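Each chain is listed here by its residues.
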Amino acid sequence: MGQIASLASAGGNSSTNRRSMSDAEWQTRIDLAACYRLVALYGWDDLIFTHISARVPASEGDGGHEYFLINRYGLMFEEMTASSLVKVDIHGNVVDDEPTAINPAGFTIHSAVHEAREDAGCVIHLHTPAGVAVSAQEGGLLPISQTSLFPYVQLAYHDYEGVALNPDEKQRLVADLGRSNAMLLRNHGTLAVGRSIADAFLGIYVLERACATQVLAQSGGAALRAVDPAIVAGISDAAKKVTHGGGGGQLAWPALLRKLDRIDPSYKT
């Protein structure tokens, strides 16, 4: 725990002034830093690559502009803290006091979704082995487990166009995503969208668990049994009941934060 805390302190942005931002922005920073730490904790990170972004709640001092938080390029996810996150505008221009680098390919994907979806409070994109493996399969995600059904019924797909540096790809990506909150980027990885950071985390958790289960089931070599289509058709209504009619993220989020606090609470700094 001490090692992670010292790393986070070393990677933090000392120029980020807590007093210059709203309470709502600071809370978003804490939650987003927690999300990065949780991704690392569950083994879904990819060194310094992949990214999670969150919309900064509007405040009286922002002049009507929309801003987003994303990771500083070069920090490990286990090092992320509230103060080390980078504030950018919709074009990826850094607006923090201290100029710093962000992943250009990362913000191409994230800015596209944030700009097109008013409900996209948080966007998570990962490159896990299981997620990439399923994204490379012609059949994509299969309805072979209870967990898979929740993303399956709304899952979108986007064909691979190379490293996401071409601004023209943004319109195709958002067209493929539509109103879905879960996507497989073909030959690339997974993506989840949520109104809140908590909802997005739960979405990526379920999608990643479904992909891992599929790869494990396929590795056994036996024929796979799909869930009855009639059950699949009713899964959306079942999901609403299980999550009390919401995205479900807020049900699990407090417990996840308690888990992080027991391990290392430095994400809040």
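Residues numbered from 1 in each chain as written. Predicted model: local features only at pLDDT ≥ 70, side-chain atom pairs only at ≥ 80, totals over all residues. Heavy atoms only, no water.

Q: How would you summarise helix α7 (residues 197–219) if you had to cite specific residues and measurements?
A: An ideal rise of 1.5 Å per residue puts 33 Å on 23 residues; α7 measures up with 33 Å between its terminal C-alpha atoms. The set of residues buried in α7 consists of Ile197, Ala198, Asp199, Ala200, Phe201, Ile204, Val206, Leu207, Glu208, Ala210, Cys211 and Gln214. (Helix = DSSP H or I, 4+ residues; strand = E, 2+ residues; numbered from the N terminus. Expected span 1.5 Å × (residues − 1). Buried < 20%, exposed > 50% of the residue type's maximum accessible area, 1.4 Å probe, protein only.)

Q: So, the packing of aromatic side chains: which residues are in play, and what are the values?
A: Following the criterion strictly, the structure yields eight aromatic pairs and no others. Through a chain of ring-to-ring contacts, the aromatic side chains of Tyr42, Trp44, Phe201, Tyr205 and Trp253 assemble into a single cluster. (Phe/Tyr/Trp six-rings, centres within 6.5 Å; stacked < 30°, edge-to-face > 60°.)

Q: Which residues make up the sheet that holds strand β1 (residues 51–55), and what values go with them?
A: Spatial strand order, β3-β2-β1-β4-β7-β6-β5: seven strands in an open sheet with mixed pairing. Both outer strands of the open sheet, β3 (86–89) and β5 (155–158), are each paired with one neighbouring strand and no more. For this sheet, the mean angle separating the axes of adjacent strands, direction not counted, is 20°. Relative to strand β7 (residues 189–194), strand β6 (residues 182–185) runs antiparallel, the two sharing four bridges. Residue pairing for β7: leucine 184 is matched across the bridge by threonine 190. In the packing of helix α2 (residues 23–41) onto the sheet, the strands contacted are β1, β2 (67–70), β3 and β4 (122–126), and the crossing angle to β1 comes to about 160°. On top of the sheet, α7 reaches β1, β4, β5, β6 and β7; it is set at about 150° to β7, its chief contact. (Pairing = 2+ DSSP bridges. Axes fitted to C-alpha atoms, helices over the stretch in contact; angles between N-to-C directions. Contact = heavy atoms within 4.5 Å.)

Q: Lay out the side chain of histidine 158 with the relevant residues and their values.
A: Along the chain, histidine 158 falls in strand β5. A distance of 2.8 Å separates a polar atom in the side chain of histidine 158 from a polar atom in the side chain of glutamate 169. If we ignore the near neighbours within four places in the chain, the residues touching histidine 158 are Glu169, Arg172, Leu173, Asp176, Met183, Leu184, Leu185 and Arg186. (Polar contact = N/O pair within 3.5 Å; in protein donor to acceptor, adjacent residues only side chain to side chain.)

Q: Tell me what's going on with unusual backbone geometry, and back it up with residues and numbers.
A: One non-glycine residue with positive phi stands out, namely leucine 47, at about 55°. Relative to the helices and strands, leucine 47 resides in the loop between α2 and β1. Residue classification places leucine 47 among the exposed residues on the basis of a relative accessible area of 54%. Phi is positive for threonine 50, close to 70°, though the residue is something other than glycine. Looking at the secondary structure, you find threonine 50 in the loop between α2 and β1. By relative accessible area, which is 1% here, threonine 50 ends up buried.

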